[in-house]
Amino acid sequence: MAINITRPRTKSHTPEEGVARRLLDSSAQLSYDPLTEVDWETPLDEDFHGASPEWSTLYGTPYWTELTEAQRKALTRQEAASVASTGIWFEMILQQMVLRDIYAKDPTDDTFQWALTEIADECRHSIMFARGAKKLGAPAYRPHRVAVELGRLFKTVAFGEAAYAAILVAEEVLDVMQRDWMRDERVVPFVRTINNIHVVEESRHMKFARDETRKHLARAGRLRRRIHALLIAVAAYVIVTSMVNRKVYANAGLDEERAIREAKANEHHASMMRSSCAGLMTFLDSVGLLTRPALFFYKRAHLI
């Protein structure tokens with residue numbers, strides 16, 4: 001069920017607030033309630049994939065060619081659930097960074113109200129992802145302990161462009177793959193609905209993150225810019241390398257060690273990641289965040 005909320009206009013707006021006002025208006029016209037939009041009642045149909053097979057970490061490897069179609073579908077369902085779980089982890093980080101950024105600011109500003117709207121979206125998305133992963137028959141996949149602690153540190157120290165650019169990195173990577181999944185009739189219908197909801201609503205979040213990144217960088221000095229460029233790149237590396245938990249292979253009935261070896265060497269998947277991030281890398285370059293140290297981590301994560 002689309003959520004339609006009318007918000008009153010009460011004052012003139014600065015250019016910065018103009019972006020937030022347009023996002024608020026868009027949210028009022030087109031937002032979704034996953035509890036009613038997603039078909040949670042129909043049992044899982046195991047004749048479907050959980051994600052487009054071309055996005056599987058094993059697609060194109062010798063191991064993939066040996067798998068039965070049922071094994072391939074089981075694997076993509078586990079991988080999709082792992083991506084959803086990673087999404088929940090990062091959305092919790094995102095919400096804390098945004099809340100800290102608007103703490104004690106003017107609540108009548110459109111920017112403040114949009115930030116709360118975004119946080120409300122992320123709360124719904126996290127519940128949606130959690131229910132989706134459970135319906136896919138997956139356990140609670142969590143990032144490695146080191147990634148969890150790095151995330152705890154990042155959400156505590158990141159501010160300004162570091163926070164918003166990291167948000168943008170995570171959302172942009174998910175956006176491209178989910179656009180493929182939501183159109184793919186091989187993917188189980190309820191996952192396609194989840195992806196469609198996320199793509200529609202995250203497009204507004206990405207617009208806000210780009211705008212906030214530019215705004216904060218406009219008053220950042222050279223040293224701060226270089227430090228934050230590296231911090232964003234490290235965050236991107238941790239996020240991307242945490243998307244698919246190593247346990248997905250065993251839970252899909254595969255040889256975990258062999259699957260991990262072939263996934264790490266899978267040039268097809270690396271190419272898919274690079275192509276999905278072309279626009280993101282262009283943006284980061286345009287605002288001066290693709291420094292030499294940052295490029296090291298983006299290349300290691302196959303984002304460039």
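Being a predicted model, the structure only gives us computed values, none of them experimental.

Concerning the overall build of the protein
The helix and strand inventory of the protein stands at 14 helices and two strands. Compactness check: the protein gives a C-alpha radius of gyration of 19 Å against a globular reference of 19 Å for 304 residues, within 12% of the reference. Taken along its principal axes, the extent of the C-alpha atoms in the protein is 60 × 45 × 30 Å. For the protein, buried positions account for 55% of its 304 residues. Taking the intrachain contacts of the protein between residues at least 6 apart in sequence as the baseline, contacts between residues at least 24 apart amount to 83%.

Description of the nonpolar core
Counting 95 residues, the largest nonpolar core has Leu 58, Leu 75, Met 177, Tyr 249, Leu 284, Tyr 298 and Leu 303 as its most contacted members. In terms of residue count, the dominant contributor to this core is helix H4 (residues 69-102) (14 residues). Apart from residues lying up to four places away in sequence, Leu 303 is in contact with Val 173, Ala 236, Val 240, Met 273, Arg 274, Cys 277, Met 281 and Tyr 298.

Focus: the confidence of the model for the protein
Mean pLDDT over the protein: 93, with 94% of residues reaching 70 or higher. In the model, residues 5-11 has pLDDT below 50 throughout and makes 12 contacts with residues more than four positions away in sequence or in other chains.

Re the packing of H4 against helix H7 (residues 160-183)
At their nearest, the axes of H4 and H7 sit 10 Å apart, and the two run at 150° to each other. Put simply, H4 runs roughly antiparallel to H7. The two elements H4 and H7 cross, and the hand of that crossing is left-handed. From H4, Ala 80, Val 83, Phe 90, Glu 91, Leu 94, Met 97, Val 98 and Asp 101 reach across to H7, where they touch Ala 163, Tyr 164, Ala 166, Ile 167, Ala 170, Glu 171, Leu 174, Met 177 and Trp 181.

Remarks on a nonpolar patch on the surface
On the surface, a nonpolar cluster with roughly 340 Å² of combined accessible area is contributed by Val 146, Leu 150, Leu 153 and Val 157. Tracing the backbone shows Val 157 in helix H6 (residues 145-157).

As for the environment of Glu 91
Here Glu 91 is to be found in helix H4. A relative accessible area of 3% places Glu 91 in the buried class. Residues Glu 91 and His 144, 53 residues apart in the sequence, show an inter-C-alpha distance of 17 Å. Here Glu 91 is in contact with Glu 122, His 125, Ser 126, Phe 129, Glu 171, His 198 and Glu 202, once residues within four sequence places are set aside. Among the polar contacts made by the side chain of Glu 91, one reaches the side chain of Ser 126 at a distance of 3.0 Å. Side chain to side chain, Glu 91 and His 198 meet in a polar contact 3.3 Å long.

A few points about the packing of aromatic side chains
Scanning the model with the defined rule gives six aromatic pairs in all. Between the aromatic rings of Trp 114 and Phe 208, the centroid separation amounts to 6.3 Å while the plane-to-plane angle is 65°, which identifies the pairing as edge-to-face. Of this pair, Trp 114 sits in helix H5 (residues 110-135) while Phe 208 sits in helix H8 (residues 189-217), placing them 94 residues apart in sequence. Comparing Trp 114 with Phe 208, the two get one shared label, buried.

Notes on the pattern of salt bridges
This structure, assessed with the given rule, holds 20 salt bridges. A salt bridge links Arg 72 to Glu 69; the shortest N-O distance between them is 3.5 Å. In this pair, Arg 72 and Glu 69 are both assigned in helix H4, three residues apart and thus about one turn of the helix distant. One salt bridge connects Arg 124 with Asp 121, and the closest N-O pair in it is separated by 2.6 Å. Of the two residues, Arg 124 and Asp 121 both sit in helix H5, three residues apart, roughly one turn of that helix. Judged by relative accessible area, which is 1%, Asp 121 ranks as buried. Look at the salt bridges and you will find they share partners, linking Arg 246, Lys 247, Glu 256 and Glu 257 into a network.

About the thresholds
Each chain carries its own residue numbering, running from 1 in the written order of its sequence. Predicted model: local features are reported for residues with pLDDT of at least 70 only, side-chain atom pairs are reported and counted for 80 or more only, and whole-chain, interface and lining totals are derived from all residues. Side-chain descriptors were evaluated using all non-hydrogen atoms of the structure, hydrogens and water having been removed beforehand. Under the DSSP-based scheme used, a helix requires at least four consecutive residues in state H or I and a strand at least two consecutive residues in state E, with every element numbered from the N terminus. The globule rule used for comparison is 2.2 Å times the number of residues to the exponent 0.38, while the radius of gyration itself is calculated over C-alpha atoms. A simple rule labels every residue: compare its accessible area, found with a 1.4 Å probe on the protein chains alone, to the largest value its type can have, and call it buried under 20%, exposed over 50%, or partly exposed in between. Any two residues whose heavy atoms approach within 4.5 Å are treated as being in contact. The term nonpolar core refers to a set of buried residues drawn from Ala, Val, Leu, Ile, Met, Phe, Trp, Tyr and Cys, joined through side-chain atoms within 4.5 Å. pLDDT gives the predictor's per-residue confidence on a scale running from 0 to 100. Only the stretch in contact is used when a helix axis is fitted, and all axes are lines through C-alpha atoms; the angle between N-to-C directions ranges over 0 to 180 degrees. Geometric relationships in this document are graded by angle, where less than 35 degrees denotes roughly parallel, more than 145 denotes roughly antiparallel, 65 to 115 denotes roughly perpendicular, and other angles denote oblique. Left-handed is the label given to a crossing in which the near helix is rotated counterclockwise from the far helix by less than a right angle, and right-handed is the label when the rotation is clockwise. Patch construction takes residues with relative accessible area above 30% that form no salt bridge. Like charges are linked within 9 Å, and nonpolar side chains (Val, Leu, Ile, Met, Phe, Trp, Tyr) are linked within 5 Å. Here the open area of atoms and residues is found with the Shrake-Rupley method and a 1.4 Å probe, where only the protein chains shown may cover a residue. Should a side-chain nitrogen of Lys or Arg be within 4 Å of a carboxyl oxygen of Asp or Glu, the pair is scored as a salt bridge. For the purposes of these results, a polar contact is taken to be a pair of N or O atoms within 3.5 Å, where, inside protein, one atom must be able to donate a hydrogen and its partner to accept one; residues adjacent in sequence count only when each atom of the pair is a side-chain atom. In this analysis, rings of Phe, Tyr and Trp, with Trp reduced to its six-membered ring, are considered paired at centre separations within 6.5 Å, and the interplanar angle assigns stacked below 30 degrees, edge-to-face beyond 60, and tilted for intermediate values.

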